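Structure assessment
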Amino acid sequence: MLFSRSIPKWKQAFIISLFGFLATTMTIVGFSPLLPNIQEHFAITYSQLGLFSGMTGIIAIIAGIPLGLFNRRFGLKKAVIIGMLFMSSGMAVVTIANNYYVLISGRVFWVLGIQMSYIAFMAIFNTIAPRSSNAKIMTIAYCANNVAAMVGAPVGGVFADSFNWRVSMLFFIAVTLAMVVILAFFLKVEKAPAKDDDSAAQQLQRATKLKILIKNPILLYLGILTCIIIFPPYQEYIPSVLEGVGFDALARGNIFMWAYLIGIPALIFAGFLADKFTPRKILIIILLLFTVVTPLLNMDSRLVVIFSSVFLLALSSIPVSLAYTIPGLLFKKEDMGFVMGVVQAIGASGSYFGPQISGMLRDHLGSFSLVWDINAALNLLACIMLLLLAGEIERRRHKLDLLRSAAKDKEE
């Protein structure tokens, strides 16, 4: 038996799922320092590298809804295991690839598996715990993203420097397959019973969702805001900046490790401040800091580049996590499923177009100088959009308070 019987079943499921989530996120953020090695090996342009790394965003846009339906139909445990098997298969193809087209084909399967398992893990974290523990569970899970980078980046860098990047990929494959075995034997997640909705109810639901979208153009505004916040490709191209000032794969991995280590308490502290002073205000402060620090990546000083890289990587999870809290201030809880779907569908495009457009600019101009200046300007634009949201947030909050009070009076 893996756990003592005194440990609640939901905690057992959470611990096992957390390790599986670590393995999944390790293949997302842990391999980033290897991107320059892959680019050099295949002699690909920065545009092609942007397509390779930005595939996560485009697959999320295309496959997000179908994967959600798959999770509902077959259950979260099967989705996690199948997703991680897809990840392993895709990484195996990338490892043995002999040209760019095979590399991209493997990346498609790899990212499809990432999306399938990632969505399922987030659903598990939202459903297994008591409602009173949901916030704590999600915070710990989000910090796991940083832990995965701390482990994956330096270990992958050691294998790349000692052998080559393909050996590093074998390490990620081995970790993923080991977790598949553990999850298959020990993860217990109850499958919700399927419900057969009649066609009239389904039509009413679709009409309600369309009504929400038509009556709330602010949804599109939030999606665009989220896209702009996600757009800057720090994880994808900071390794190339570090390589440009003389850091090898091992050194880049160590820089990533320390950045994400610092990011764990920073993320928790930012969440505390956001609860105290509102997410919008903290988000504006963080983005203003990013506006100032991002252009420093263009400097020739190794010390300045290290500082700016660590700063941006350490705090990069904060804007994204806070951005996804804003819709909760504007819409009713019963509408949040659809609301977050729209925001995510638009926002996820930033994780594709950010690396792709930045890579094209790097290829055309021969340096990242304008790339980081543009991304700094986008951070400033996001600040302005957040400032313009102040009145709308207060108006909708007041309206929601009135609706809640009316509902409470009606119950009494």
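Before reading on, note that the structure itself is shown above.
Residues numbered from 1 in each chain as written. Predicted model: local features only at pLDDT ≥ 70, side-chain atom pairs only at ≥ 80, totals over all residues. Heavy atoms only, no water.

A few words now on the nonpolar core. With 117 residues, the main nonpolar core has Met84, Trp110, Leu183 and Ile238 as its most contacted residues. If you tally residues by element for this core, the top one is helix H5 (residues 100-127), at 12 residues. In contact with Met84, not counting residues within four places along its chain, are Gly20, Ala23, Thr24, Ser117, Phe121, Thr176, Met179, Val180 and Leu183. (Core = buried A, V, L, I, M, F, W, Y, C linked by side-chain atoms within 4.5 Å. Buried < 20%, exposed > 50% of the residue type's maximum accessible area, 1.4 Å probe, protein only. Helix = DSSP H or I, 4+ residues; strand = E, 2+ residues; numbered from the N terminus. Contact = heavy atoms within 4.5 Å.)

Attention now goes to the environment of Ser240. Along the chain, Ser240 turns up in helix H10 (residues 234-244). Once the C-alpha coordinates of Ser240 and Ser32 are considered, the two residues, 208 residues apart in sequence, prove to be 9.9 Å apart. When neighbours within four sequence positions are excluded, Ser240 is seen to be in contact with Pro36, Gln39, Tyr46 and Phe368.

How two aromatic rings sit relative to each other is set out by the distance from centre to centre and by the angle between their planes. Applying the stated criterion to the full structure yields 17 aromatic pairs. When the centroid spacing of 5.3 Å and the interplanar angle of 85° are considered together, the rings of Tyr46 and Phe368 count as edge-to-face. Note that Tyr46 is positioned in helix H3 (residues 46-74) and Phe368 in the loop between helix H17 (349-365) and helix H18 (369-388), a separation of 322 residues in sequence. By relative accessible area, which is 12% here, Tyr46 ends up buried. A relative accessible area of 9% means that Phe368 is categorised as buried. In this arrangement the basic side chain of Arg107 is found over the ring face of Phe52, its NZ or CZ atom lying 5.0 Å from the centre. Stacked on the ring of Trp110, the Lys or Arg Arg107 has its end atom at 4.6 Å from the ring centre. (Phe/Tyr/Trp six-rings, centres within 6.5 Å; stacked < 30°, edge-to-face > 60°. Lys NZ or Arg CZ within 6 Å of the ring centre and 35° of its normal.)

Helix length check: helix H1 (residues 9-30) (22 residues) gives 30 Å between terminal C-alpha atoms against 32 Å at 1.5 Å per residue, within 8%. Most of H1 sits inside the fold, with 16 of its 22 residues counted as buried. (Expected span 1.5 Å × (residues − 1).)

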